[in-house]
Amino acid sequence: MLEPLRQGLPPIDPSAVAGSASCTLPARYEAVGGARRFTRTTLSSWDLDGRFDDVALVVSELVTNALRHALPAETARERQDCSVRLHLMRWSSRLVCAVRDPSQKGPVAGEAPDSAESGRGLFLVESFSDGWGWHPSPVPAGDTPPEGGLGKVVWALFRLTEHSAPERPVPVDAFPDSR
């Protein structure tokens, strides 16, 4: 699953993974809340509580996109193979969240009008992570892919600092003028 992620990034040694966790999410929009809870629990166990807000926002967007755009129509969602999986992987200097879904169709970043209530998910993913991308789901060694393919993986990368907190400048207007 990580081979395409390595393209364009410094080498990632799979044996250096400090932690990984994954969960299967049901094909219902309530699964987004479950994905956030799973992310909070996992990041907390890795002492990365300070990264929760950014990572949870990205996880929410990736899972929502998978549920909204990658799953078949409501009537077919009862099938077992229509699940979405969330994977979190941690190395010493980076964290990857990846969402696997059954669609072969890649995500497309759109430009939503200011009045639109949706359409900015990938913009948020790009803004809050250090990089993102997607690739077709890998076929396990020795297996033949099914006719429709195995789906895709959409991932986002977060670089981790020594203190695990995002390095963002504080806006000038964040503090009242104390003159």
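The structure under discussion appears in the preceding block.
Note that the coordinates shown come from a computational prediction; the quantities given were computed from them, not determined experimentally. (Residues numbered from 1 in each chain as written. Predicted model: local features only at pLDDT ≥ 70, side-chain atom pairs only at ≥ 80, totals over all residues. Heavy atoms only, no water.)

**Section: the overall build of the chain**
Then, number 1: Within the chain, the secondary structure is distributed over four helices and five strands.
Then, number 2: Listing each helix as α and each strand as β along the chain from the N terminus yields α-β-α-α-β-β-α-β-β.
Then, number 3: Residues classed as buried in the chain amount to 39% of the 179 residues present.
Then, number 4: Sequence separation of at least 24 residues holds for 69% of the intrachain contacts in the chain that already meet a minimum separation of 6.
Then, number 5: For the chain, the accessible surface area stands at approximately 10800 Å², while carbon and sulfur atoms represent 51% of it. (Helix = DSSP H or I, 4+ residues; strand = E, 2+ residues; numbered from the N terminus. Buried < 20%, exposed > 50% of the residue type's maximum accessible area, 1.4 Å probe, protein only. Contact = heavy atoms within 4.5 Å. Areas by Shrake-Rupley, 256 points an atom, 1.4 Å probe, with all protein chains shown as cover.)

**Considerations on the nonpolar core**
Then, number 1: In terms of nonpolar packing, the biggest core is built from 31 residues, with L25, V59, L62, V63, L86 and C97 touching the most fellow members.
Then, number 2: Those elements giving two or more residues to this core turn out to be β1 (19-25), α2 (31-45), α3 (52-70), β2 (84-90), β3 (94-101) and β5 (152-159).
Then, number 3: For this core, the element with the highest residue contribution is α3, accounting for nine residues.
Then, number 4: Filtering out sequence-adjacent residues up to four positions away, V59 remains in contact with A35, T39, L86, L88 and C97.
Then, number 5: In terms of nonpolar packing, the next biggest core, distinct from the first, is built from seven residues, W91, A98, V153 and L157 among them. (Core = buried A, V, L, I, M, F, W, Y, C linked by side-chain atoms within 4.5 Å.)

**Details of the sheet that holds strand β4 (residues 131-136)**
Then, number 1: The strand order across the open sheet formed by five strands is β1-β2-β3-β5-β4, and the pairing between neighbours is antiparallel. Each edge of the open sheet carries a strand with a single partner, namely β1 and β4. Across this sheet, the average inter-strand angle for adjacent strands is 15 degrees, counted without regard to direction.
Then, number 2: One ladder, built from six bridges, connects β2 with β3; its direction is antiparallel. Counterpart to R85 in the pairing with β3 is R100. (Pairing = 2+ DSSP bridges. Axes fitted to C-alpha atoms, helices over the stretch in contact; angles between N-to-C directions.)

**What to know about the pattern of salt bridges**
Then, number 1: By the definition in use, this model includes two salt bridges.
Then, number 2: Ionic pairing is found between R28 and E30, a salt bridge with its closest N-O pair at 3.6 Å.
Then, number 3: Given the relative accessible area of 48%, R28 is considered partly exposed.
Then, number 4: What makes E30 exposed here is its relative accessible area of 58%.
Then, number 5: Residues D101 and K152 are paired through a salt bridge, measuring 2.9 Å at the closest nitrogen-oxygen approach. Remark: K152 occurs in strand β5 and D101 occurs in strand β3; sequence separation between them is 51 residues. (Salt bridge = Lys/Arg side-chain N within 4 Å of Asp/Glu carboxyl O.)

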